[in-house]
Amino acid sequence: MQNSNQKIVRLQQLRGVAALIVTASHSVADVNRLYGFAAVNLSIPGQFGVEIFFVISGFIIFLISSQGVQEHASIWRFLSNRAWRIVPLYWTFTAVFIALAVAVPNSVNRSELDLPHIVASFLFFPLQGPNLTMSPVYSLGWSLNYEVFFYALFAIFISFERWLMVCGVSLFLITLVALNSVAPEGTAAAVWTMPYLLEFAVGMWIALGANLLSFRLPAWSFWPGICACLVASVIYFSSLGGHYAVSAITVLLASLFVLIGAFAMAPKSTRILNGAMAAVGDSSYSLYLTHMFSIRAIVLIIGYLGLQSFVPPAATWLAVVGVCAAAAYVSYLLLECRWLPTLRKQLQKAWKPGSNLGPKEPGFTSKM
């Protein structure tokens, strides 16, 4: 049986895949505007990358609780660790987004700001904004509303036996999704009953299976398996003609990625592809939060310099994605590896000398 660190190696690489799907998808519109026509097309939507993240999240949360990393009955410890994973960075980039919306309105895709909506965004509470959508002020935070909801639910069951915990959380999530058709539109209830919730449950069941079963795929099968999943996803989304909605098929496709990651052996050596994707996975949270800023800045620079006249659209698109990944890794090193640990230590001292807000989880550093 693989230990938790071996499993996390593949999950980190999957995080990298999911983050690149989101970044590549979101960069298409800006690149096409730069060239003035539909120069680039990507069949896989960014939301699907988030679906993969949700399955990974369910897997990871089960894994850390089942390995004794969390004290079983310590809801506070669990929630404080989750908060440190997502809150400081998300609040930072939400504040940057609001500042840009006020100072340079044309630089972001939101022309109106509303105080209740801003407050709800910082609190991870879905609230209809001035543009009549349920997304937060910084729209990428929509996925974090689901993440935080899942964490809160998981915390209720964290002291249960592993089987009871997985069954209890899954039953609760299935019940919520079953109520989606009667949830009032434009409310938090409509958001927190979407089928996305099922992906957290699936991730937990995959983790449980990976812990119980000794069967493993050979290490070499991981990337061919992931490529096969990508091809299947492209075929499926291409058949939809640009219309995306979370469904049983998207849940299944996202789960296949994580199944391969859960059961494929870790690589025996760190080759270029494995190392690069692990690095993207480490910085996946930074990439998720920074890529919209990076895309807009890079495309503006290219347009100002007139480089689009000399560079093919596909090359520009790939360059934009690559620069986004590089900028995110810098953010990861400076903010996640340096600033956040320093901030945490300072707040621990201010809260109570010698206190500990909870151990870091082994084997990985960033959490989507």
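Predicted, not measured: the structure shown is a model, and the values here were computed from it.

1. Some points on helix 12 (residues 284–305)
And then number 1: Between the first and last C-alpha of helix 12 there are 29 Å, a value that for 22 residues agrees with the 32 Å anticipated at 1.5 Å per step.
And then number 2: Roughly 50 degrees is the biggest bend found in helix 12, and it falls at Thr 290.
And then number 3: At the C-terminal side of helix 12, Gly 306 shows a positive phi close to 70 degrees.

2. Examining unusual backbone geometry
And then number 1: In this structure, Phe 124 takes a positive phi of about 60 degrees despite not being glycine.
And then number 2: Mapped onto the elements of the fold, Phe 124 is located in the loop between helix 4 (115–122) and helix 5 (142–157).
And then number 3: Residue Phe 124 is classed as buried on the basis of its relative accessible area, which comes to 7%.
And then number 4: Even without being glycine, Leu 132 reaches a positive phi, approximately 65 degrees.
And then number 5: With respect to the element layout, Leu 132 can be found in the loop between helix 4 and helix 5.

3. Digging into the side chain of Ser 286
And then number 1: Structurally, the position occupied by Ser 286 is in helix 12.
And then number 2: In this structure the side chain of Ser 286 is engaged in a polar contact, spanning 2.6 Å, whose partner is the side chain of Glu 336.
And then number 3: Beyond its immediate sequence surroundings of up to four residues, Ser 286 is in contact with Leu 89, His 291, Ala 328, Ser 331, Tyr 332 and Glu 336.

4. Structural notes on the side chain of Ser 170
And then number 1: By the secondary structure assignment, Ser 170 is in helix 6 (residues 162–178).
And then number 2: We classify Ser 170 as buried; its relative accessible area is 5%.
And then number 3: Those residues within four positions of Ser 170 in sequence are excluded, and the remaining contacts are Ala 201, Met 204 and Trp 205.

5. A short note on the packing of aromatic side chains
Two measures describe an aromatic ring pair: the distance that separates the ring centres and the angle between the ring planes.
And then number 1: Across all of its chains, the model carries 28 aromatic pairs by this definition.
And then number 2: Here the aromatic rings of Phe 125 and Trp 192 are separated by 5.6 Å at their centres, their planes lie at 85 degrees, and the arrangement is edge-to-face. One end of the pair, Phe 125, is in the loop between helix 4 and helix 5; the other, Trp 192, is in the loop between helix 7 (188–191) and helix 8 (196–212), and 67 residues separate them in sequence.
And then number 3: Accessibility expressed as a relative area gives 17% for Trp 192, which makes it buried.
And then number 4: Through a chain of ring-to-ring contacts, three or more aromatic side chains come together here, namely Phe 54, Phe 78, Trp 142, Tyr 146, Phe 150, Tyr 151, Phe 154, Tyr 196 and Phe 200.
And then number 5: Positioned over the ring face of Tyr 151 is Arg 82, at 5.4 Å from the centre of the ring.

6. Regarding the layout of surface pockets
And then number 1: The space that makes up the largest pocket amounts to roughly 450 Å³.
And then number 2: Lining the largest pocket are 23 residues, and of these Phe 97, Asn 109, Ser 139, Met 292 and Arg 296 lie nearest its centre.
And then number 3: Where the lining of the largest pocket is concerned, the elements lending two or more residues are helix 1 (4–35), helix 3 (75–103) and helix 12.
And then number 4: Taken as a whole, the second largest pocket holds about 340 Å³ of empty space.
And then number 5: Among the elements that make up the lining of the second largest pocket, the one with the highest residue count is helix 5 (3 residues).
And then number 6: Per-class residue counts for the lining of the second largest pocket are 10 nonpolar, 4 polar and no charged.

So, how was this worked out
- Residues numbered from 1 in each chain as written.
- Predicted model: local features only at pLDDT ≥ 70, side-chain atom pairs only at ≥ 80, totals over all residues.
- Heavy atoms only, no water.
- Helix = DSSP H or I, 4+ residues; strand = E, 2+ residues; numbered from the N terminus.
- Expected span 1.5 Å × (residues − 1).
- Bend = angle between axes of the 7 residues up to and from the residue.
- Buried < 20%, exposed > 50% of the residue type's maximum accessible area, 1.4 Å probe, protein only.
- Polar contact = N/O pair within 3.5 Å; in protein donor to acceptor, adjacent residues only side chain to side chain.
- Contact = heavy atoms within 4.5 Å.
- Phe/Tyr/Trp six-rings, centres within 6.5 Å; stacked < 30°, edge-to-face > 60°.
- Lys NZ or Arg CZ within 6 Å of the ring centre and 35° of its normal.
- 1 Å grid on protein atoms, 1.4 Å probe; cavity = no way out; pocket = protein on both sides within 12 Å on 5 of 7 lines; lining within 4 Å.
- Points joined across faces, edges and corners; volume = space filled by probe spheres on them.
- Nonpolar A, V, L, I, M, F, W, Y, C, P; charged D, E, K, R; others polar.

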